[in-house]
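Okay, here's what each chain looks like letter by letter:
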Amino acid sequence: MPTASRPLGGWGAWTAYVLAVAAAAGVASVVVLVQGAGAALDPTSNALGASADSAGVSGVPADALGAAWTLALVALLCLFTGVFEEGVFRVLALDALSAACGDGPRGKARAAFASAALFGLLHVSIGDVSSVSDAASGAQAFLKPVQAGLFGLFMAALYDRTRSLWPLAGIHAAFNLLSVGPTLLAGDARQTYVTGSLPDLALLAVTTALLVPVAVAAVASIVGVAGGRGVTGGRG
């Protein structure tokens, strides 16, 4: 039986931390992308290659229209992904797993781990596995679901406190927009994160490590280590 909604408490700071990690990852990804291409992004053109001098609708430069359209599409994609994945892996799966594992703190923790594991496995495809060709790409294929699972534990703790889809969907969408949005806007549409690139691997490893503290805090919150006040004991 669902529990009553509780305020986020100290989770406001953890949410800001997770989104800051996402933003840093997004900026770093663009830097890696530019360095890998061997040249800086051309300031006179956008990701679609439109010239800054080309005219658009009503005198608006075509590159500005293209960039705005691309940004809108990326934002909508991130929002849809946030609503769908949180609806499936938190609202539906976590509630079902909680009923199966028991309503006590340890039962809820087991359910959170199970849903996080399923969420992590979602981020491994046959294409990703088939792209593994060396140690670096193998490490990427291993770390990505781990990173997703750590994020899943964080979202499970938020759902445990809020019992609402929409805050989770918004945070998930913001995380995706900040972390992968910059590279999409820069024109990177790779179909897999398994690239075999050492800079890409280093970035994935660092962001995964940065999510470990919040995942530990999430588990502690779920099992009630902090006495129901949120792990940090904060108010906002």
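Remember, it's a predicted structure, so these values are computed and weren't measured experimentally.

Peer 1: Provide a residue-level description of the side chain of S179, including the pertinent values.
Peer 2: Looking at the secondary structure, you find S179 in helix α6 (residues 165-185). The class for S179 is buried, based on a relative accessible area of 13%. Within polar-contact distance, the side chain of S179 engages the backbone oxygen of F175 at 2.8 Å.

Peer 1: Can you lay out the packing of aromatic side chains for me, pointing to particular residues and giving the numbers?
Peer 2: Taken as a whole and judged by the stated rule, the model has eight aromatic pairs. Counting every residue linked through ring pairs, the aromatic cluster contains W11, W14, Y17, F89, F119, F151, F154 and F175. It is K144 that lies over the ring of Y193; its NZ or CZ is 6.0 Å from the centre.

Peer 1: Break down a nonpolar patch on the surface for me, with residues and values.
Peer 2: Nonpolar side chains collect at one region of the surface, where L71, L177 and L185 lie side by side and expose about 210 Å² of accessible area between them. Assignment of secondary structure puts L71 in helix α2 (residues 62-101).

Peer 1: Give a description of the packing of helix α5 (residues 135-162) against helix α7 (residues 198-223) that names residues and reports values.
Peer 2: One can describe the packing of α5 onto α7 by two numbers: an axis separation of 8 Å at closest approach and a directional angle of 30°. Relative to α7, the element α5 is oriented roughly parallel. The chirality of how α5 crosses α7 is left-handed. A class-by-class count of the residues in the contact of α5 with α7 yields 21 nonpolar, five polar and four charged.

Peer 1: Quick rundown of the pattern of salt bridges? Include the residues and the values.
Peer 2: Here the structure, examined in full by the defined rule, presents three salt bridges. A salt bridge links D95 to R163, with the shortest nitrogen-to-oxygen separation between them at 2.8 Å. Taken as a pair, D95 in helix α2 and R163 in the loop between α5 and α6 lie far apart in primary sequence, 68 residues in all. For D95, a relative accessible area of 26% puts it in the partly exposed group. Residue classification places R163 among the partly exposed positions, given a relative accessible area of 23%. Notably, a salt bridge pairs K108 with D160, separated by 3.0 Å at the nearest N-O pair. Here the residue K108 occupies a position in helix α3 (residues 105-122), and D160 occupies one in helix α5, the gap between them amounting to 52 residues.

Peer 1: I'd like a rundown of α3, residues and numbers included.
Peer 2: Helical geometry: 3.6 residues make up each α-helical turn, so side chains three or four residues apart lie on a common side. Helix length check: α3 (18 residues) gives 26 Å between terminal C-alpha atoms against 26 Å at 1.5 Å per residue, within 8%. Of the residues making up α3, those classed as buried are G107, A109, A111, A112, S115, A116, F119 and G120.

Peer 1: So what about the packing of α3 against α7? Which residues, and what values?
Peer 2: Axes are the key here: two packed helices are described by the angle between their axes and the distance separating the axes. Put simply, α3 and α7 touch, their axes get as near as 8 Å, and they point 145° apart. Of α7, the residues touching α3 (which contributes P105, K108, A109, A112 and F113) are V219, I222 and V223. Taken together, the residues of the contact of α3 with α7 break down into seven nonpolar, no polar and one charged.

Scoring rules and cut-offs
Residues numbered from 1 in each chain as written. Predicted model: local features only at pLDDT ≥ 70, side-chain atom pairs only at ≥ 80, totals over all residues. Heavy atoms only, no water. Helix = DSSP H or I, 4+ residues; strand = E, 2+ residues; numbered from the N terminus. Buried < 20%, exposed > 50% of the residue type's maximum accessible area, 1.4 Å probe, protein only. Polar contact = N/O pair within 3.5 Å; in protein donor to acceptor, adjacent residues only side chain to side chain. Phe/Tyr/Trp six-rings, centres within 6.5 Å; stacked < 30°, edge-to-face > 60°. Lys NZ or Arg CZ within 6 Å of the ring centre and 35° of its normal. Patch = residues over 30% accessible without salt bridge, like charges linked within 9 Å, V, L, I, M, F, W, Y side chains within 5 Å. Areas by Shrake-Rupley, 256 points an atom, 1.4 Å probe, with all protein chains shown as cover. Salt bridge = Lys/Arg side-chain N within 4 Å of Asp/Glu carboxyl O. Axes fitted to C-alpha atoms, helices over the stretch in contact; angles between N-to-C directions. Parallel < 35°, antiparallel > 145°, perpendicular 65-115°, else oblique. Left-handed = near helix turned anticlockwise from the far one by under 90°. Nonpolar A, V, L, I, M, F, W, Y, C, P; charged D, E, K, R; others polar. Expected span 1.5 Å × (residues − 1). Contact = heavy atoms within 4.5 Å.

By themselves these figures say nothing about function.
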